[in-house]
Amino acid sequence: MHITQLNRECLLHLFSFLDKNSRKSLAKTCHKLLEVFQDPLLWSLLNFHSPAELKKDNFLLGPALKYLSICWYSERVKVCNIEDWMKNNFQKDFCNRHENTVSDFLLEVCNRCPNLLSLTLSGCGHVTDDCILLLLKNCPNLKTLKLENCVRITDQTLEAVTLYGGSLQTLHMDFCRNITQTGLERVREKRPSIMLRAERSANMIPDNKPEKKLMFEKASRKLVQL
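Note on numbering: residues in each chain are counted from 1, in written sequence order. Local features in a predicted model are, by the rule used here, given only for residues with pLDDT of at least 70; side-chain atom pairs are given and counted only at 80 or more, and totals for whole chains, interfaces and linings are based on all residues. For side-chain calculations, the full set of non-hydrogen atoms in the structure is used, while hydrogens and water are omitted.

*Asks:* Help me understand the pairing of strand β5 (residues 170–174), please; the structure alone is not making it clear to me.
*Replies:* Within β5, five of the five residues are buried, which leaves the element mostly enclosed by the surrounding structure. Throughout, exposure labels follow a simple rule: accessible area from a 1.4 Å probe, protein chains only, divided by the maximum for the residue type, with under 20% read as buried, over 50% as exposed, and the rest as partly exposed. Labels follow the DSSP assignment, with helices taken as runs of H or I lasting at least four residues and strands as runs of E lasting at least two, numbered in each case from the N terminus. Side-chain alternation along β5 places T170, H172 and D174 on one buried face and L171 and M173 on a second face that is also buried. Taken together, the five bridges between strand β4 (residues 144–148) and β5 define a ladder with parallel strand orientation. Its bridge partner lying in β5, T144 is registered against T170. Strand pairing is assigned whenever DSSP detects at least two bridges linking the two strands.

Okay, here's the thing in structure tokens:
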């Protein structure tokens with residue numbers, strides 16, 4: 001029996017065991033399998049592990065997407081977590097490319113995936129409060145939001161949760177250094193039903209560009225030591 005003789009339900013089940021690249025390769029073999037690849041029901045779960053993966057054409061975004069995870073752990077991506085004022089020109093150019101990639105992708109998610117239930121972002125140094133705000137507004141069924149080491153996230157995201165996270169049940173804000181204890185307490189006050197976890201976030205040192213005078217004093221001390 002040839003694989004193309006199977007009905008759509010069986011083919012979708014078989015495709016569900018394959019990764020994105022394998023699905024794309026199989027879809028190129030015949031029109032029937034391409035139709036299976038393009039079936040929105042196949043794409044209820046998406047996992048990404050590098051910025052480059054967001055630009056590929058081996059997946060589909062659509063209303064069937066329920067679970068989305070973008071987790072980056074490579075050394076190169078860690079550059080994006082450095083405070084902006086400390087980056088050299090090469091690092092800034094590198095991060096600008098990532099920033100546009102992430103922003104464009106999340107905008108597509110907002111427009112195409114209104115039924116999203118769970119979102120996990122880890123090590124995404126370019127995700128901003130505005131991105132999360134749009135997601136909360138456009139994905140009203142979102143139940144789980146997990147943010148880890150997202151350095152641009154601030155108390156504005158926590159405020160957005162109190163205003164637009166009506167369906168949220170779980171909120172993790174781990175190692176997000178620019179949120180405060182005040183913001184966390186506000187979420188607990190306004191949305192006591194949410195299971196909130198913020199490991200070390202409010203205890204980390206927030207981004208704060210030193211004043212020129214302080215930088216000059218430090219530089220002077222180093223010269224004296226030399």
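*Asks:* So what exactly am I meant to see when it comes to the packing of aromatic side chains here?
*Replies:* Note on aromatic pairs: each is described by the distance of the centres and the angle between the planes. Pairing of aromatic rings covers Phe, Tyr and Trp, the last through its six-membered ring, and needs centres within 6.5 Å; plane angles under 30 degrees mean stacked, over 60 mean edge-to-face, and all others mean tilted. Applying the stated criterion across every chain yields a total of four aromatic pairs. Between F37 and W43, the aromatic rings sit 5.3 Å apart at their centres with planes inclined by 80°, giving edge-to-face as the arrangement. A relative accessible area of 3% means that F37 is categorised as buried. With centroids separated by 6.1 Å and ring planes inclined at 65°, the aromatic side chains of F59 and F105 adopt a geometry described as edge-to-face. Note that F59 is positioned in the loop between β1 (45–48) and β2 (67–71) and F105 in helix α5 (residues 89–112), a separation of 46 residues in sequence.

*Asks:* Is there a simple way to explain the pairing of β2 in this structure?
*Replies:* Within a regular beta strand, the side chains point alternately toward one face of the sheet and then the other, so they alternate between its two faces. Counting buried positions over the five residues of β2 gives four, a clear majority of the element. One ladder, built from four bridges, connects β1 with β2; its direction is parallel. Bridging from a neighbouring strand, F48 pairs with I70 of β2. Sheet topology note: the β2/strand β3 (residues 118–122) ladder contains five bridges and is parallel. By the bridge assignment for β3, C71 is matched with S122.

*Asks:* Can you walk me through the state of the cysteines in this structure?
*Replies:* In protein structure, a disulfide is the covalent linkage between the sulfur atoms of two cysteines. Only a pair of cysteine sulfur atoms within 2.5 Å counts as a disulfide in this structure description. Summed over all chains, the structure comprises zero disulfides. Distance from the sulfur of C131, which forms no disulfide, to the nearest cysteine sulfur (C110) is 7.5 Å.

*Asks:* What's the story with the pattern of salt bridges in this structure? I'm lost.
*Replies:* Side-chain pairs of opposite charge can arise whenever the charged atoms involved come near each other. Salt bridges are counted wherever a side-chain nitrogen of Lys or Arg sits within 4 Å of a carboxyl oxygen of Asp or Glu. Counted under the stated rule, the structure contains eight salt bridges. The residue R112 makes a salt bridge to E108 at a minimum N-O spacing of 2.8 Å. One end of the pair, R112, and the other, E108, are both in helix α5, four residues apart, so they sit about a helical turn from each other. Relative accessible area serves as the criterion here: at 29%, E108 is assigned to the partly exposed category. Taken together, the salt bridges that share partners define one network made up of R8, E35 and D39.

*Asks:* Help me out: how do you make sense of the packing of helix α7 (residues 155–164) against helix α8 (residues 181–190) in this one?
*Replies:* Where α7 meets α8, the closest approach of the two axes is 9 Å, and the angle between their N-to-C directions is 5°. The angle between the axes of α7 and α8 places the two elements in the roughly parallel class. The segment α7 lies against α8, with D155, L158, E159 and T162 engaging G183, L184, R186, V187 and K190. Residue type decides the class: Asp, Glu, Lys and Arg count as charged, Ala, Val, Leu, Ile, Met, Phe, Trp, Tyr, Cys and Pro as nonpolar, and the leftover types, Gly among them, as polar. For the contact of α7 with α8, the residue count by class is three nonpolar, two polar and four charged. Only the contacting stretch of a helix is used when fitting its axis, a line to C-alpha atoms as for every element, and angles between N-to-C directions run 0 to 180 degrees. Orientation labels follow simple angle bins: below 35 degrees gives roughly parallel, above 145 gives roughly antiparallel, 65 to 115 gives roughly perpendicular, and whatever is left gives oblique. Residues are treated as being in contact if the distance between any of their heavy atoms lies within 4.5 Å.

So far we have only geometry, and geometry alone does not tell us how the molecule works.
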